[in-house]
Amino acid sequence: MKHLVFVGAGHAHLEPLSQTREFVRAGARVTLIAPGEFWYSGMGPGMVSHFYEPADDTVDVERLVTAGGGNFVRDEVARIDPENRELHLCSGAVIGYDLLSLNVGSEVPLEKIEGAAEHSIPVKPIKNLLTLRECLTSSGADARIVVVGGGAAGCEVCVNLWHLLDRSGSRKQLTLVSSENRLLTQATPKASALLKKYIEQLGIGIIENVNVRTIRAQEVELAGGRRLPSDVVALAIGVRPPALLRESGLPCAKDGSMRVNAFLQSVTHPEIFGAGDGICFGEECLPRIGVFAVRQGPVLQRNLLAFLRSEALEEFKPQKNYLLILNLGDGTGLLTYGSWTLRGRWAFWFKDWLDRRFLRRFQNKDPK
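Residues numbered from 1 in each chain as written. Predicted model: local features only at pLDDT ≥ 70, side-chain atom pairs only at ≥ 80, totals over all residues. Heavy atoms only, no water.

J.: Could you give me a rundown of the sheet that holds strand β5 (residues 71-74), with the residues and numbers involved?
T.: Strand pairing in a sheet is mediated by backbone hydrogen bonds. Such pairs are either parallel or antiparallel. Taken in spatial order, the five strands line up as β5-β2-β1-β9-β19 in an open sheet, and their pairing is parallel. Looking along the sheet, the strands with just one partner apiece sit at the ends: β5 and β19 (272-274). Going from strand to strand, the sheet's axes swing by 20 degrees on average, the running direction of each strand aside. By the bridge criterion, four bridges tie strand β1 (residues 2-7) to strand β9 (residues 99-102) in an arrangement that is parallel. (Pairing = 2+ DSSP bridges. Helix = DSSP H or I, 4+ residues; strand = E, 2+ residues; numbered from the N terminus. Axes fitted to C-alpha atoms, helices over the stretch in contact; angles between N-to-C directions.)

Encoded structure:
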């Protein structure tokens, strides 16, 4: 009996895990190794502002895999040994595999800013956003908040923090710091301008085109020496794959993501599949947003099953344009798709419907 092991409970693994029984019927023993439940990135910023609660944003992946006849191991992988097909866990246990699927997510590179590891809350893993909310909710005092990073994650978290404080009646002192010369550089200049105008209207300070040098207990120091007083610092300076991949001996790109072929297989170890933020095609990495991982899920599920059955595999073909909707915290959303940019309540309603529909498939239904 072949042993199929899933490492990580990311977006791309939800579909295969919901089909655990199919892998068992194909003659496989199935194991999922993950530290806990799945947290959905698309609803994370809304959890900051109390629009969503943790139960809305999470999936019990232990239930998904065990209800289908698989095993769940609450642990993390410390080292992959691809030559011996073994996984060395943080607990000290060793698990062998015949077929391996990696969906290990990404992490904020804390070492890029001095003091970040000690004095900031990174936006990844998504569970940290609940920590951020609880930190501000429990303090009961006015807080000076600095959000570092002007991309989609930083901007979404920033405006939802403002609305969290607004509802609590706290005096709001928020500053958004970006190393780029405009916000939301992955979108059109029109989208950047609309977002900047909205943030400024809220009264949030924006500092662009400057790097953060050091984060201390009560201040953030910028390049050039300017210092911002801070009680809480949220860090959204981009993400990278975890060290697990680049230290495994598998072929990786410069950023540490595992190189895969069009079938989502390691280019040197066909029994190892990967998806989500931790893979790249050659040196080309897709934008690290949930939509690509979600779309990889069904292809990954079919290819793992086909591999077990010695059948032909299916190519994953990423779309050229993708829909991005930011939750602005006030019941409106900023929608971008290619050159289109629109803001309105209907955009947020559409995002909310898409997100809830996606999660309900795995929250409310028993695995097949």
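J.: Give a description of the packing of helix α8 (residues 152-168) against helix α9 (residues 189-202) that names residues and reports values.
T.: α9 packs onto α8 with a crossing angle of 25 degrees between their chain directions and a minimal axis gap of 11 Å. As judged from the angle between their axes, α8 and α9 are roughly parallel. Taken as a pair, α8 and α9 cross one another with a handedness that is left-handed. Contact residues: α8 offers C155, V159, W162 and H163, while α9 offers L195, Y198, I199 and L202. (Parallel < 35°, antiparallel > 145°, perpendicular 65-115°, else oblique. Left-handed = near helix turned anticlockwise from the far one by under 90°. Contact = heavy atoms within 4.5 Å.)

J.: How would you sum up a nonpolar patch on the surface? Please name residues and give values.
T.: Taken together, the side chains of L323, Y337, W340, L342, W346, W349, F350 and W353 make up a nonpolar region of the molecular surface, amounting to roughly 890 Å² of accessible area. Put simply, the parts of the chain that give the nonpolar patch at least two residues each are β23 (340-344) and α12 (345-363). Turning to its location among the elements, Y337 is positioned in strand β22 (residues 333-337). Assessed through its relative accessible area of 36%, Y337 is described here as partly exposed. (Patch = residues over 30% accessible without salt bridge, like charges linked within 9 Å, V, L, I, M, F, W, Y side chains within 5 Å. Areas by Shrake-Rupley, 256 points an atom, 1.4 Å probe, with all protein chains shown as cover. Salt bridge = Lys/Arg side-chain N within 4 Å of Asp/Glu carboxyl O. Buried < 20%, exposed > 50% of the residue type's maximum accessible area, 1.4 Å probe, protein only.)

J.: So what's going on with α9? Residues and values would help.
T.: The first and last C-alpha atoms of α9 sit 20 Å apart over 14 residues, in line with the 20 Å expected at 1.5 Å per residue. Listed as buried for α9 are A191, S192, L195, Y198, I199 and L202. Burial along α9 is one-sided: seen end-on, the buried residues are contained in an arc of 135 degrees. Looking at α9, the residues exposed on the side facing more than 90 degrees away from the buried face are P189, K190, K197 and Q201. (Expected span 1.5 Å × (residues − 1). Arc of directions from axis to C-beta.)

J.: Can you explain unusual backbone geometry? Please cite residues and give values.
T.: Cis peptide bonds are those with omega within 30 degrees of zero, and the linkage from K124 to P125 qualifies with 0 degrees. In this fold, P125 is placed in the loop between β10 (121-122) and α7 (127-139). A positive phi angle is found at N209, which is not glycine, with a value near 60 degrees. Tracing the backbone through its elements, the reader meets N209 in the loop between β13 (205-207) and β14 (212-215). Its relative accessible area of 55% is what places N209 among the exposed residues. Of note, S310 is a non-glycine position whose phi angle comes to about 60 degrees, a positive value.

J.: Lay out the packing of aromatic side chains in plain terms, naming residues and giving numbers.
T.: If you walk through the whole model with that rule in mind, you get 10 aromatic pairs. Taken together, a centroid distance of 5.8 Å and an interplanar angle of 85 degrees make the contact between F273 and F307 edge-to-face. Highlighted residues: F273 in strand β19 and F307 in helix α11 (residues 290-308), separated in sequence by 34 residues. Taken together, the aromatic side chains of F38, Y40, F358 and F362 make up a single cluster linked through ring pairs. (Phe/Tyr/Trp six-rings, centres within 6.5 Å; stacked < 30°, edge-to-face > 60°.)

J.: How would you explain α12 if you had to name every residue and give the values?
T.: Count 3.6 residues to each turn of an α-helix, and residues three or four apart come out pointing the same way. Taking 1.5 Å per residue as the helical rise, α12 with its 19 residues ought to reach 27 Å, and the 26 Å between its terminal C-alpha atoms agrees with that figure. When α12 is considered as a whole, its buried residues turn out to be A347, F348, K351, D352, D355, F358, L359 and F362. Buried residues in α12, looked at end-on, bunch into an arc of 140 degrees, giving them a common side.

J.: Please set out the pattern of salt bridges residue by residue, giving values where relevant.
T.: Tallying each qualifying case throughout the model produces 20 salt bridges. Ionic pairing is found between E271 and R85, a salt bridge with its closest N-O pair at 3.6 Å. One end of the pair, E271, is in the loop between β18 (258-260) and β19; the other, R85, is in the loop between β6 (77-81) and β7 (86-89), with 186 residues separating them in the sequence. On the basis of relative accessibility, which here comes to 7%, the residue E271 falls in the buried class. With relative accessibility at 35%, the residue R85 sits in the partly exposed group.

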